[in-house]
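# Working through the structure, step by step
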Amino acid sequence: QAAAAHVLIDDFVFDAVFIAIMFVSTGIGEGYYLRQIWNQCRKDYVPAVKTMWKTSFLLMPLEFCLFRFLPLRLRVLGMNLIEILWDAIVSFMIHKRRKESNGGMMEDGMDGTMGGEKLIPS
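All values reported here derive from a predicted model rather than from experimental measurement.

So, how was this worked out
- Residues numbered from 1 in each chain as written.
- Predicted model: local features only at pLDDT ≥ 70, side-chain atom pairs only at ≥ 80, totals over all residues.
- Heavy atoms only, no water.
- Helix = DSSP H or I, 4+ residues; strand = E, 2+ residues; numbered from the N terminus.
- Buried < 20%, exposed > 50% of the residue type's maximum accessible area, 1.4 Å probe, protein only.
- Core = buried A, V, L, I, M, F, W, Y, C linked by side-chain atoms within 4.5 Å.
- Contact = heavy atoms within 4.5 Å.
- Expected span 1.5 Å × (residues − 1).
- Bend = angle between axes of the 7 residues up to and from the residue.
- Polar contact = N/O pair within 3.5 Å; in protein donor to acceptor, adjacent residues only side chain to side chain.
- pLDDT = per-residue confidence, 0-100.
- Axes fitted to C-alpha atoms, helices over the stretch in contact; angles between N-to-C directions.
- Parallel < 35°, antiparallel > 145°, perpendicular 65-115°, else oblique.
- Left-handed = near helix turned anticlockwise from the far one by under 90°.
- Nonpolar A, V, L, I, M, F, W, Y, C, P; charged D, E, K, R; others polar.

### So, the overall build of the protein
On a plain count of helices and strands, the protein comes out with 3 helices and 2 strands. Put simply, the protein runs from its N terminus to its C terminus through helices and strands in the order α-α-α-β-β. Counting across all 122 residues of the protein, residues that qualify as buried make up 35%.

Quick look at the structure:
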């Protein structure tokens, strides 16, 4: 019962928060303005969360087994291996639209230019 609660909280509460943090942190790290990041979040956050919930649902039996049967000293390693796969999918979802639009720039006029000067390299 405790293992199931851990899995549900991890997959459905923390995932949504983590995805929002990933949108902002990767956007800032890549040189986008907060306005650009906000516009992408408005378009892509809900689809990304839904995809992550589907992925988490598929990984849930494995996570449950890790929480239930692995000794505590191995549990972190097991969960980290699952998180590598999960993080790769999150990264793909976040960067999908950035890559598709304008050679890596955000769409809707938020292309990293200001006064004719490009602020984000292509």
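### Concerning the nonpolar core
Of all hydrophobic cores here, the largest spans 13 residues; its most connected members are Ile19, Phe23, Ala48, Met52, Trp86, Val90 and Ile94. Residue assignment for this core shows that the elements contributing at least two residues are α1 (2-29), α2 (34-69) and α3 (72-100). Sorting elements by how many residues they give to this core places α2 first, with 5 residues. With sequence-adjacent residues up to four places away left out, Trp86 is seen in contact with Asp15, Phe18, Ile19, Met52, Thr55 and Ser56. Grouped together as the second largest cluster of nonpolar side chains are 8 residues, Ala3, Leu59, Leu66 and Met79 included.

### Regarding α2
End to end, α2 covers just 43 Å across 36 residues, shorter than the expected 52 Å (1.5 Å per residue, more than 12% under). A maximum bend of about 50° is found in α2 at Leu59, where proline Pro61 lies one to four positions downstream.

### A closer look at the side chain of Gln36
One can find Gln36 in helix α2. A residue is classified by how much of its surface remains accessible, and Gln36, at 1% relative accessible area, is buried. Looking at Gln36, its side chain comes within polar contact range of the main-chain nitrogen of Tyr33, at 2.6 Å.

### A word on the confidence of the model for the protein
Residues of the protein with pLDDT of at least 70 account for 80%, and the chain-wide mean is 78. When the elements of the protein are averaged for pLDDT, strand β2 (residues 117-118) gives the smallest value, 39, and α2 the largest, 86. Within the model, the stretch residues 104-122 combines pLDDT values under 50 with 39 contacts to residues more than four positions away or in other chains.

### Some words on the packing of α1 against α2
Here α1 crosses α2 at 150°, and the two axes come no closer than 7 Å. The orientation of α1 with respect to α2, classified from their angle, is roughly antiparallel. Two packed elements cross with a definite hand, and for α1 against α2 that hand is right-handed. Counted by class, the contact of α1 with α2 contains 23 nonpolar, 4 polar and 6 charged residues.

### Considerations on the environment of Asn39
In this fold, Asn39 is placed in helix α2. For Asn39, a relative accessible area of 14% puts it in the buried group. Within the structure, Asn39 has its side chain in polar contact with the side chain of Arg42 (distance 3.1 Å).

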